[in-house]
Amino acid sequence: MGIFKSKEEREFIKKQKLEDKMLLKQIDKEIKEENRKEYEKFIDEMLLEGDEEEKYLESQMTEEEKKEMLGNKKQETIIAVTAGAVFSLVVTISIVFIFSADYISKSELVKETVPILKEYYKNKYNKELEYLKIDYLCKKNDKNEDECSDIAHLITKDNRHIMSIKNNMIGDDISTNGILSAYNDNMRTYLASLDLVSNYPILSYKDYYIDYNIHHDYIHALPSNVDYATMRSMKKLTVTEFIFYRGDFDTNLVKNFLANFSDDSVFYFVKIEVGLPVNLTVARNSKIEIFDITATVPIDKNITYYELDRSKNSTVSVSVNKVNGEDVETLGDYKYKNCYKIEINETNSWDQKDNLPTYYFIKMNNAVFNEKNIYQFSVSAYKDSYTEYESDEYTQVVTYNTGPDTYIIGNESVGIGNVSTEESLLCKLGFC
């Protein structure tokens, strides 16, 4: 697992994988183009050669020989049409077989789980469930093979998410306000000494994911038949929380509060004085890290970098640069917009660097990001093109939007952007 590799090794491996991926794509593209050109040239030569030869032979034939040649051509046409029909039939059968095999492999989900989820949805929302896809959650092992869990994930046609475990423990991200309200009431009461200004919690159920990442599209799903107190007592609730406060930070009180949540939970506390952040605390069950903000550095008129105490954090500075969305090679049918690449510049002291975190804390004006609309891509370009990451490659970038400002906390260099889809003419006319 990557946890045993140094930061430099992880960065090198990620960069190498990116360059290999881009190189293979370029080679594949060039081979296909070269093959196409050679094929077209071959066909043109064959047709021209055949046409000239046929004209010459026909000029030397008697009328009887011409009639015989015409008959042969008709016979050849019949054979060609028959062969084409047989080929089409074979292709059709192959396609049917492939889809049948795929259906059989998903038979348990399609035949057993979908009807259960449809009944659940009908009972809870009094509507018929229409869905786009359903799969088990899987992850790649060390051999790059999929290892799948028994967690079923269904995506509805309106892009909401329903989860189940062995056809039980069903939940969704459609109606979670009750749990969210219970959490907020509990947190504000327990941590009243913070004198809370505002907060943004992301709540997840530990049994609904394999590896925790707030950027998974299903990460907000919560079970319908388990209340907040039960999830908390069982340490099944995972919380990522962004809190602005102006009161007192009681370390023991915060530790006791965090002890009720899963080990994947992390809280970011930002102390505000006279309207400005002066301190960042990153709190987990395992440890609490406190960083004073030692400088406020404007990167440009819309971006501010809050420097964290360098004796506790190895980030010396951060560069934030605008990226042309057209230069990002996407994984889907959409385009990037509002793109930036955030790059960390670290201390040169290797002894210090290996023992310190690399957090950065920035504020952007008029650039709205949150975990539901952040798409991530490489910070290095290959042949003038950046590559979008798969969702399981996403780094933990935490954001909080307030008014025109977006606050961003992260600990790795990354490209971020929003995406937009442009409807086709048929879609605009209502035919899709």
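In case you missed it, the structure is sitting above this.
Let me begin by describing the structure that accompanies this report. Going along each chain's sequence as written, the residues are numbered from 1 onward. In keeping with the model being predicted, local features are shown solely for residues with a pLDDT of at least 70 and side-chain atom pairs are shown and tallied solely at 80 or more, while totals for entire chains, interfaces and linings include all residues. Only heavy atoms go into the side-chain values, all of them from the structure, while hydrogens and water stay out.

Remarks on the pattern of salt bridges
Then, in step 1: For this analysis, a salt bridge means a side-chain nitrogen from Lys or Arg found within 4 Å of a carboxyl oxygen belonging to Asp or Glu. What the rule picks out here adds up to 14 salt bridges.
Then, in step 2: Ionic pairing is found between Lys124 and Asp172, a salt bridge with its closest N-O pair at 3.2 Å. With Lys124 in helix H3 (residues 107-125) and Asp172 in strand E4 (residues 168-172), this residue pair connects regions lying 48 residues apart in the sequence.
Then, in step 3: Arg160 is paired through a salt bridge with Asp173; the nearest N and O atoms lie 3.6 Å apart. A residue pair is termed long-range when its members are at least 10 positions apart, and Arg160 in the loop between strand E2 (146-156) and strand E3 (161-165) and Asp173 in the loop between E4 and helix H4 (177-190) qualify at 13 residues.
Then, in step 4: Judged by relative accessible area, Arg160 falls into the partly exposed class, the value being 29%.
Then, in step 5: Among the charged side chains, a salt-bridge network with shared partners connects Arg284, Lys287 and Glu289. Only DSSP runs of H or I reaching four residues or more are called helices, and only runs of E reaching two or more are called strands; each is numbered from the N terminus. Buried residues are those whose accessible area, probed at 1.4 Å on protein chains only, stays under 20% of the maximum for their type, while exposed residues exceed 50% and partly exposed ones sit between those limits.

Some details on the nonpolar core
Then, in step 1: Definition of nonpolar core: a set of buried residues of the types Ala, Val, Leu, Ile, Met, Phe, Trp, Tyr and Cys, connected through side-chain atoms within 4.5 Å. Membership of the largest hydrophobic core comes to 54 residues, with the highest contact counts inside it found for Tyr183, Phe242, Phe267 and Phe269.
Then, in step 2: Membership of the second largest hydrophobic core comes to 17 residues, among which are Tyr360, Ala367, Phe369 and Val397.

As for helix H6 (residues 251-258)
Then, in step 1: Among the residues of H6, Val254, Phe257 and Leu258 are the ones counted as buried. Here the buried residues of H6 occupy an arc of 95° about the axis, which is enough to place them on one side.
Then, in step 2: Contacts are assigned to residue pairs with any non-hydrogen atoms lying within 4.5 Å of each other. Packing partners of the buried residues in H6 comprise H4, strand E8 (266-273), strand E9 (276-283) and strand E10 (288-300).
Then, in step 3: Whenever a nitrogen or oxygen atom comes within 3.5 Å of another N or O atom, the pair is scored as a polar contact, on the condition that within protein one atom can donate a hydrogen and the other can accept it, and that pairs from neighbouring residues in sequence are kept only if both atoms are in side chains. Capping of H6 at its N-terminal end is provided by Asp250; its side-chain oxygen lies 3.2 Å from the backbone amide nitrogen of Asn252. Working definition: the arc comes from the directions between the helix axis and the C-beta atoms, pointing outward to the latter.

Focus on the state of the cysteines
Then, in step 1: Note on disulfides: each one is a pair of cysteine sulfur atoms within 2.5 Å. Enumeration over the complete set of coordinates arrives at 1 disulfide.
Then, in step 2: The disulfide bridge from Cys138 ends at Cys148, spanning 1.9 Å between sulfur atoms. In this structure, the disulfide formed by Cys138 and Cys148 twists by about 95° around the S-S bond and is classed as right-handed. In this pair, Cys138 sits in strand E1 (residues 131-140) while Cys148 sits in strand E2, placing the two residues 10 residues apart along the sequence.

Brief notes about the pairing of strand E11 (residues 303-308)
One face of the sheet, then the other: side chains in a regular strand alternate in exactly this way.
Then, in step 1: With 6 of 6 residues buried, E11 is to be regarded as a mostly interior element.
Then, in step 2: Any two strands between which DSSP finds at least two bridges are classified as paired. Sheet analysis places E10 next to E11, joined by 6 bridges and oriented antiparallel. Its bridge partner lying in E11, Thr296 is registered against Tyr306.
Then, in step 3: Of the strand pairs in this sheet, E11 and strand E15 (residues 360-365) are connected by 3 bridges, and their pairing is antiparallel. Bridging from a neighbouring strand, Thr304 pairs with Lys363 of E15.

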